[in-house]
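Spelled out, the chains give:
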Amino acid sequence: MTNIRLPLRGLIPFATGSVGMGVWVTVPGLLLLYFLTDVLAVPPLLAGFVLLAPKVVDVILHPWVGRLSDADLARRGHRRRLMLVGCALAVAFAAMFAVPAGLRGAPAGLWVAVAFIAGNLLFAAYQVPYLATPADLSIDYHERTRLMGFRMVVLTVGILLSGVAAPLIAGQDDPTVGGYTRMGLLLGAAMLAAMLVGIAGVRRLTTAAPLTAAPSGGSRHGLLTSLRDRQFRPLVAAYLAMSTTTHLVLAAVPYFAEYELGRPKLTTVLVAAFVAPAILATPVWVVVARRIGKQRGLLLAQAAFVAGSLVLALGATAGLPLIVAAVAVLGIAFAAMQLLPFSMLPDVIAASGPDGTTRAGSYTGVWTATEATGGALGPYVYAAALAVGGFVASEAGEHTAQSPGALAAVRYGFALVPAALMTVAVILQRRYTLDRDN
């Protein structure tokens, strides 16, 4: 391992590639559950299942994509071929919101599920080799954090812009299928442009700091190899809990704004309050990681997330300024939970053995499967909370009065459930010990 400092002409394009990934993770996480229940009249439990079922496929497919990525590295000396295939994600994203006229209820849910499955596979084709890049490069522990810091800042800008723009384009006051279709087309085009720039960035980084180990044929047992790793297991388990929690919060924002605060337009305010502080906080977390280590920094962020969630349990009685402040705390913690685990992953790969970097796709395949699973579990858990509370689904243009139980589910599903899930993440994360050796 060398002390190579990566050039900006590679760092910035590489980070730009994450914008497309951010749109895919953020917009469906923020709007898809609401789109199903309040625009397409899909019952909450069925809507949650529509988001969860495709992830069962992901658990199988993502590690397989990881093996393909490792095989590409062995044959071609790079992983970019799969990334080019993954650029078709933009088409799947647009199709997911372009539900044909007349489809409502279960048939509409089926359309969304099929597009979601295709999109998740294409997401893996891009994201798995993309995330393997830091492990492929001949850089050290702190340079990985710097690399992922650039990625996190650009990713957060993409999350902020898409998270604010998507509800506005879709029509947050009076959402329609046509509005969602328009949003899918516009953001899909932006995704494609960003992903192509990201591929150019990967090429430049691998030229500046090429892989030092000779590529092998790749592992045929990638899933088992990674899960046998005693450092990877607690890290990926904790990340599953973190991903589930943050996606739950995103999915709950439109409901909290409309049914708890009584102002649907506050969806964009809360999204901005969640994401904008993360942009400023990311460089701070890079410094924190250098001072106290990535593991301690991550535990600190998880504890802050729990505290902010408990404040939100007060609901509208807390007042809008305190609510926005609590959401900002979640956003600051979110920055660390994107930066630090993603920079710890290549640390684990590098520590797994002298040829660990040539198996990076196997690790990142499991990692992206975990990320995708958390992305589905979060909305599903919130949908289940709504169903338990008796929440009633509706079509676009309808305004259904909700029972006190449903309104309580909207509030506590947004606050207490995330606090409990993040506490589980803290317990799991404490079992990670690799930082003690750095």
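Residues numbered from 1 in each chain as written. Predicted model: local features only at pLDDT ≥ 70, side-chain atom pairs only at ≥ 80, totals over all residues. Heavy atoms only, no water.

If you check an unreviewed UniProt entry, the chain appears there as MFS transporter from Dactylosporangium cerinum.

*Asks:* Would you take a moment to explain the overall build of the chain for this structure?
*Replies:* A count of helical and extended segments in the chain gives 14 helices and zero strands. Of the regular secondary structure in the chain, the N- to C-terminal order runs α-α-α-α-α-α-α-α-α-α-α-α-α-α. Since a compact globule built from 438 residues should have a radius of gyration of about 22 Å, the 21 Å found for the chain is in line with a globular shape. For the C-alpha atoms alone, the extent of the chain along its principal axes is close to 65 × 45 × 35 Å. When the 438 residues of the chain are sorted by exposure, 59% land in the buried category. A separation threshold of at least 6 residues defines the contact pool for the chain, and within that pool the share at least 24 residues apart is 85%. Carbon and sulfur atoms form 68% of the exposed surface of the chain, whose accessible area is close to 15,600 Å². Side-chain charges in the chain split into 31 positive and 19 negative, and the spacing between the mean points of these groups amounts to 9 Å. (Helix = DSSP H or I, 4+ residues; strand = E, 2+ residues; numbered from the N terminus. Rg over C-alpha atoms; globule rule 2.2 N^0.38 Å. Buried < 20%, exposed > 50% of the residue type's maximum accessible area, 1.4 Å probe, protein only. Contact = heavy atoms within 4.5 Å. Areas by Shrake-Rupley, 256 points an atom, 1.4 Å probe, with all protein chains shown as cover. Lys, Arg positive; Asp, Glu negative; His and termini not counted. Charge placed at Lys NZ, Arg CZ, Asp CG, Glu CD.)

*Asks:* For this particular structure, what's the right way to read the side chain of E143?
*Replies:* If you trace the backbone, E143 turns up in helix α6 (residues 141-170). Ignoring any residue separated from it by four or fewer positions in sequence, one finds E143 in contact with I4, R5 and L6.

*Asks:* For this particular structure, what's the right way to read the nonpolar core?
*Replies:* Most often, soluble globular proteins keep nonpolar side chains buried together rather than apart. By size, the foremost hydrophobic cluster in this structure holds 130 residues, and its most contacted members are L40 and F93. Take this core: its biggest share by element is 17 residues, from helix α9 (residues 232-260). If you look at the next biggest cluster of nonpolar residues, it comprises five residues, including V65, L82, A124 and V128. (Core = buried A, V, L, I, M, F, W, Y, C linked by side-chain atoms within 4.5 Å.)

*Asks:* Mind showing me how you'd approach the pattern of salt bridges here?
*Replies:* Pairing between side chains becomes possible if they bear opposite charge and their charged atoms approach one another. Applying the stated criterion to the full structure yields three salt bridges. A salt bridge links K294 to D347, with the nearest nitrogen and oxygen atoms 2.6 Å apart. Of the two residues, K294 is situated in helix α11 (residues 294-312) and D347 in helix α12 (residues 320-351); the sequence distance between them amounts to 53 residues. Accessibility assignment for this pair places K294 and D347 in one class, buried. (Salt bridge = Lys/Arg side-chain N within 4 Å of Asp/Glu carboxyl O.)

*Asks:* Where do I start with a nonpolar patch on the surface in this structure?
*Replies:* There is a patch of nonpolar side chains on the surface, built from W64, L68 and L121 and spanning about 250 Å² of accessible area. Along the polypeptide, L68 turns up in helix α2 (residues 44-76). (Patch = residues over 30% accessible without salt bridge, like charges linked within 9 Å, V, L, I, M, F, W, Y side chains within 5 Å.)

*Asks:* Hey, could you run me through unusual backbone geometry in this one?
*Replies:* Notably, A41 is not glycine yet its phi reads approximately 60 degrees, a positive angle. Secondary-structure assignment places A41 in the loop between α1 (8-38) and α2.

*Asks:* Quick question: what am I supposed to make of the packing of helix α10 (residues 266-292) against α12 here?
*Replies:* To describe two helices that pack against each other, one gives the angle between their axes and the distance between the axes. At a closest axis distance of 6 Å, the pairing of α10 and α12 adopts a crossing angle of 45 degrees. One finds that α10 runs oblique with respect to α12. In the crossing of α10 with α12, the sense of the turn from one axis to the other is right-handed. Looking at the contact of α10 with α12, its residues break down into 23 nonpolar, two polar and no charged. (Axes fitted to C-alpha atoms, helices over the stretch in contact; angles between N-to-C directions. Parallel < 35°, antiparallel > 145°, perpendicular 65-115°, else oblique. Left-handed = near helix turned anticlockwise from the far one by under 90°. Nonpolar A, V, L, I, M, F, W, Y, C, P; charged D, E, K, R; others polar.)

*Asks:* Mind showing me how you'd approach the environment of R5 here?
*Replies:* Relative to the assigned elements, R5 resides in the segment before α1. For the pair formed by R5 and E143, sequence separation is 138 residues and the distance between their alpha carbons is 6.9 Å. Not counting residues up to four positions away in its chain, the partners in contact with R5 are E143 and R146.

*Asks:* Where do I start with helix α4 (residues 89-97) in this structure?
*Replies:* Residues three or four positions apart in an α-helix share a direction because the helix packs 3.6 residues into each turn. The element α4 is extensively covered by neighbouring structure, given that seven of its nine residues are classed as buried. For α4, the full list of buried residues reads L89, A90, A92, F93, A94, M96 and F97. Check the buried side of α4 and you find it contacts α1, α3 (80-86), α5 (105-136) and α7 (177-208).

*Asks:* What is the right way to look at the packing of aromatic side chains in this model?
*Replies:* Aromatic rings considered in pairs are described by the distance between their centres and by the relative angle of their planes. Taken as a whole and judged by the stated rule, the model has 20 aromatic pairs. Relative to Y255, the ring of Y34 has its centre 5.6 Å away and its plane inclined at 75 degrees; by these criteria the two rings are edge-to-face. Of this pair, Y34 sits in helix α1 while Y255 sits in helix α9; the two residues are 221 residues apart in sequence, bridging distant segments of the chain. Like Y255, Y34 is buried. With a centroid separation of 5.3 Å and 90 degrees between ring planes, the pair formed by Y259 and F391 is classed as edge-to-face. Taken together, the residues Y259 in helix α9 and F391 in the loop between α13 (360-389) and α14 (404-429) connect sequence positions 132 residues apart. (Phe/Tyr/Trp six-rings, centres within 6.5 Å; stacked < 30°, edge-to-face > 60°.)

*Asks:* Teacher, can you tell me more about the packing of α9 against α10 here?
*Replies:* Where α9 meets α10, the closest approach of the two axes is 8 Å, and the angle between their N-to-C directions is 140 degrees. Put simply, α9 runs oblique to α10. Along this stretch, α9 crosses α10, giving a crossing that reads as right-handed. Mapping the contact onto sequence places L250, V253, P254, F256 and A257 in α9 and L266, T267, L270, V271 and F274 in α10. Among the residues making up the contact of α9 with α10, the classes are represented as nine nonpolar, one polar and no charged.

*Asks:* When you look at the environment of G20 in this model, what are you seeing that I'm missing?
*Replies:* Relative to the helices and strands, G20 resides in helix α1. Judged by its relative accessible area of 0%, G20 falls in the buried class. In this structure the C-alpha to C-alpha distance between G20 and F123, which are 103 residues apart in sequence, comes to 9.4 Å.

*Asks:* Looking at this model, I keep getting lost on the side chain of T370. Mind explaining?
*Replies:* Tracing the backbone through its elements, the reader meets T370 in helix α13. Owing to a relative accessible area of 12%, T370 belongs among the buried residues under this scheme. Not counting the four nearest positions on each side in its chain, T370 is found in contact with V236, Y239 and L240.

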